[in-house]
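Close look at the chain arrangement
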Amino acid sequence: MSDFRSDTVTQPSQAMRQLMSTALVGDDVYGDDPTVNRLQSYAAERMGKQAALFCSSGTQANLLAIMAHCQRGDEYICGQNAHNYKYEGGGAAVLGSVQPQPIENEIDGSLNLDKVKAVIKSDDFHFAKSRLLSLENTIGGKVLPMDYLATLRPFVEQNNLALHLDGARIF
Ligand SMILES: Cc1ncc(COP(=O)(O)O)c(C=O)c1O
């Protein structure tokens, strides 16, 4: 029987356990862990990025990304169903002083960009500063359409937002 409740129910195979127990390790603070270094350069290459950072969980990765993009009193716009809004203990608000501005996800999991635009706040000291658009792919098991993804970069540039993708399930 296959159990699809979560990827976290997957058990490591014997070969994976063997590789883990014999992996080369070192002090990651000094950049001396060859396995972490290899993983980070492999991830950067696969994703076409300048660099990658190993995080011990997806929740930690989302929090680091939101806190890297935003300052205290900023906000990130995300879906009501976003993992980093609904399932991460409000970490961005609790630990980063970054307010979420959720909007309804469309049936296909995307965020309607007209609705995103409508919640971007004007420059007024009463308001949190809209700083970041946060998407998730896949979301609820659905793959965001490629033509939709292509519209995101121009949209955030026009609207002075940064862009984050929670790609915990991208592979
Ligand atoms: C889309 C998404 N983001 C983040 C996470 C959080 O990952 P973790 O359980 O490693 O903190 C999950 C976990 O299932 C996820 O599905």
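Residues numbered from 1 in each chain as written. Predicted model: local features only at pLDDT ≥ 70, side-chain atom pairs only at ≥ 80, totals over all residues. Heavy atoms only, no water.

When helices and strands are tallied, the protein shows seven helices and four strands. Counting every position in the protein, which comprises 171 residues, the buried fraction comes to 30%. Across the protein, every contact between residues at least 6 apart in sequence was considered, and the portion connecting residues at least 24 apart equals 60%. Accessible area for the protein stands at about 11800 Å²; split by element, carbon and sulfur atoms hold 55% of it. (Helix = DSSP H or I, 4+ residues; strand = E, 2+ residues; numbered from the N terminus. Buried < 20%, exposed > 50% of the residue type's maximum accessible area, 1.4 Å probe, protein only. Contact = heavy atoms within 4.5 Å. Areas by Shrake-Rupley, 256 points an atom, 1.4 Å probe, with all protein chains shown as cover.)

Moving on: the state of the cysteines. Per the stated rule, a full pass over the model turns up zero disulfides. The thiol of Cys-55 is not disulfide-bonded; the next cysteine sulfur, from Cys-70, is found 16 Å away. Unpaired in terms of disulfides, Cys-78 finds its nearest cysteine sulfur in Cys-70, a separation of 11 Å. (Disulfide = S-S within 2.5 Å.)

Bringing the sheet that holds strand β1 (residues 74-79) into the picture now. Here we have four strands laid out as an open sheet, ordered β2-β1-β3-β4, and parallel in their pairing. In this open sheet, the two edge strands, each paired with only one partner strand, are β2 (99-103) and β4 (162-166). Neighbour-to-neighbour, the strand axes of this sheet turn through a mean angle of 30 degrees, independent of strand direction. Packing of helix α3 (residues 58-69) onto the sheet brings it into contact with β1, β3 (129-136) and β4, and relative to β4 it is tilted by some 180 degrees. Sheet strands touched by helix α7 (residues 146-158): β3 and β4. Its angle to β3, the strand with the most contacts, is close to 165 degrees. (Pairing = 2+ DSSP bridges. Axes fitted to C-alpha atoms, helices over the stretch in contact; angles between N-to-C directions.)

Every residue near the ligand is listed here: Ser-57, Gly-58, Thr-59, Asn-62, His-83, Glu-88, Glu-136, Asp-166, Ala-168 and Arg-169. Note that a nitrogen atom of the ligand is positioned 2.7 Å from one of the side-chain N or O atoms of Asp-166. Arg-169 has a polar side-chain atom sitting 2.6 Å from an oxygen atom of the ligand. Bound to the protein, the ligand loses 77% of the 390 Å² it would expose on its own. Counting residues per element, the shell around the ligand draws most heavily on α3, which supplies three residues. Looking at side-chain class alone, the shell around the ligand contains one nonpolar, five polar and four charged residues. (Near = heavy atom within 4 Å. Polar contact = N/O pair within 3.5 Å; in protein donor to acceptor, adjacent residues only side chain to side chain. Nonpolar A, V, L, I, M, F, W, Y, C, P; charged D, E, K, R; others polar.)

UniProt annotation of "domain: Aromatic amino acid beta-eliminating lyase/threonine aldolase" (unreviewed entry) refers to residues 3-171 when read in the numbering used here. As a span, residues 3-171 carries 38% helix and 14% strand, and end to end its C-alpha atoms are 18 Å apart. (UniProt positions renumbered as here; feature names shortened; annotations may be inferred.)

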